[in-house]
Structure formats: structure tokens, C-alpha cells
Amino acid sequence: MNAFTEHPRSVGESYWQHMGASLSFAGPLAAAALAALVHALLPFLFTRTGSRIVARLYQRMVAQRGAPVPRPESPWTAPPAPPA
């Protein structure tokens, strides 16, 4: 197997199928990155756009593999406080 087909075959796709799937993620990821950049400079704009796009792509990627979709822990929220 060569470098261009090894990974696509490992996920059950041809080179061209894998390219199409990857490109279908690239556009929304670029939009999320742009929204995050604008939000960094102007925090009142695009307050949820980037995270909403990433969450949608995550759902699509995990669902496409047929695996259960766990709810990931956010690295930006503190864990719940222990009971007193």
C-alpha cells in the first residue's frame, strides 16, 4: 500500500472518496476558524458559531463511523464541586 491509499483504505474509502469527505470538513472548519478569529477581536460577534460548527462536524464524523456519540467534557468548564 502506498502513502496515498493506506489511510483511506483503513477507513473503508477510496482515495477519491476520502478526498471528498475530507474536503467536506475543510470548508466548515475554515468558516469556524474565521468566526473564531473575528470573535477573538470582537467578542460580541459569532459567540457560538465556531463551537456550533465544530459540534456539528463532530456529530457527523462519529455518526458516520457508526460509533456511539459520547458527550465530550469541555476543557473550559470546571468540574462540578464535590458535595459539602
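No experiment lies behind these values; they were computed from the predicted model shown.

Visitor: Just to check I follow, could you spell out the overall build of the chain for this structure?
Guide: Looking only at helices and strands, one finds three helices and zero strands in the chain. Put simply, the chain has 84 residues, and 15% of those count as buried. Counted over contacts in the chain with a minimum sequence separation of 6, partners at least 24 positions apart contribute 27%. As displayed, the chain offers around 7000 Å² of accessible surface, 67% of which is attributable to carbon and sulfur atoms.

Visitor: In this structure, what is going on with helix α2 (residues 15-41)? I would like to understand it.
Guide: Since the α-helix packs 3.6 residues into each turn, any two residues three or four apart lie on the same face. The end-to-end C-alpha separation of α2 is 39 Å, in line with the 39 Å expected for 27 residues at 1.5 Å each. Among the residues of α2, those classed as buried are His-18, Ala-21, Phe-25, Ala-32 and Ala-35.

Visitor: Just to check I follow, could you spell out the packing of aromatic side chains for this structure?
Guide: Note on aromatic pairs: each is described by the distance of the centres and the angle between the planes. As enumerated under the stated definition, the model contains two aromatic pairs in all. The ring of Phe-25 is capped by Arg-60, whose NZ or CZ atom sits 3.9 Å from the centre of that ring.

Visitor: Please clarify how a nonpolar patch on the surface should be interpreted in this entry.
Guide: Together, Leu-34, Leu-37, Leu-41, Leu-42, Phe-44, Leu-45 and Phe-46 make up an exposed nonpolar region whose accessible area comes to about 730 Å². Position of Leu-41 relative to the elements: it lies in helix α2.

Visitor: What is the right way to look at unusual backbone geometry in this model?
Guide: Despite not being glycine, Phe-46 has its phi angle at roughly 50 degrees, a positive value. Mapped onto the elements, Phe-46 comes out in the loop between α2 and α3 (49-65). Classification of Phe-46 as partly exposed rests on a relative accessible area of 42%.

Visitor: When you look at the environment of Leu-57 in this model, what are you seeing that I'm missing?
Guide: As for its position among the elements, Leu-57 is in helix α3. If near-sequence neighbours (up to four positions away) are discounted, Leu-57 is found in contact with Phe-25, Pro-28 and Leu-29.

Visitor: I keep staring at the confidence of the model for the chain and nothing clicks. Help me out?
Guide: If pLDDT is low for a region, its predicted coordinates should not be looked at in detail. Per-residue confidence for the chain averages 83 on the pLDDT scale, and 74% of its residues sit at or above 70. No element of the chain has a lower mean pLDDT than α3, which averages 86, and none a higher one than α2, which averages 94.

Rules of the game
The residue count restarts for each chain, going from 1 along the sequence in the order it is written. For a predicted model such as this one, the threshold for reporting local features is a pLDDT of at least 70, and the threshold for listing and counting side-chain atom pairs is 80 or more; totals across whole chains, interfaces and linings nevertheless cover every residue. Excluding hydrogens and water, the side-chain figures rest on all heavy atoms present in the structure. Strands here mean DSSP runs of E at least two residues long; helices mean DSSP runs of H or I at least four residues long; both are numbered from the N terminus. A 1.4 Å probe rolled over the protein chains alone gives each residue an accessible area, and that area as a share of the maximum for its type sets the label: buried under 20%, exposed over 50%, partly exposed in between. When checking whether two residues touch, look at their non-hydrogen atoms; a contact exists if any pair is within 4.5 Å. Working definition of accessibility: Shrake-Rupley area with a 1.4 Å probe, residue cover restricted to the visible protein chains. Expected span of a helix, by definition, is 1.5 Å for each gap between consecutive residues, and there is one gap fewer than residues. Note on ring pairs: Phe, Tyr and Trp rings are taken, using the six-membered ring of Trp, and paired if centres are within 6.5 Å. Classes follow the plane angle, with under 30 degrees stacked, over 60 edge-to-face and the rest tilted. A ring is considered to have a charge above it if a Lys NZ or an Arg CZ atom is located within 6 Å of its centre and within 35 degrees of its normal. What makes a patch is a set of residues exposed beyond 30% relative accessible area and free of salt bridges, joined within 9 Å when like-charged and within 5 Å when nonpolar (Val, Leu, Ile, Met, Phe, Trp, Tyr). Salt-bridge detection follows one rule: a side-chain nitrogen of Lys or Arg within 4 Å of a carboxyl oxygen of Asp or Glu. Looking at any residue, its pLDDT shows the predictor's confidence there, from 0 to 100.

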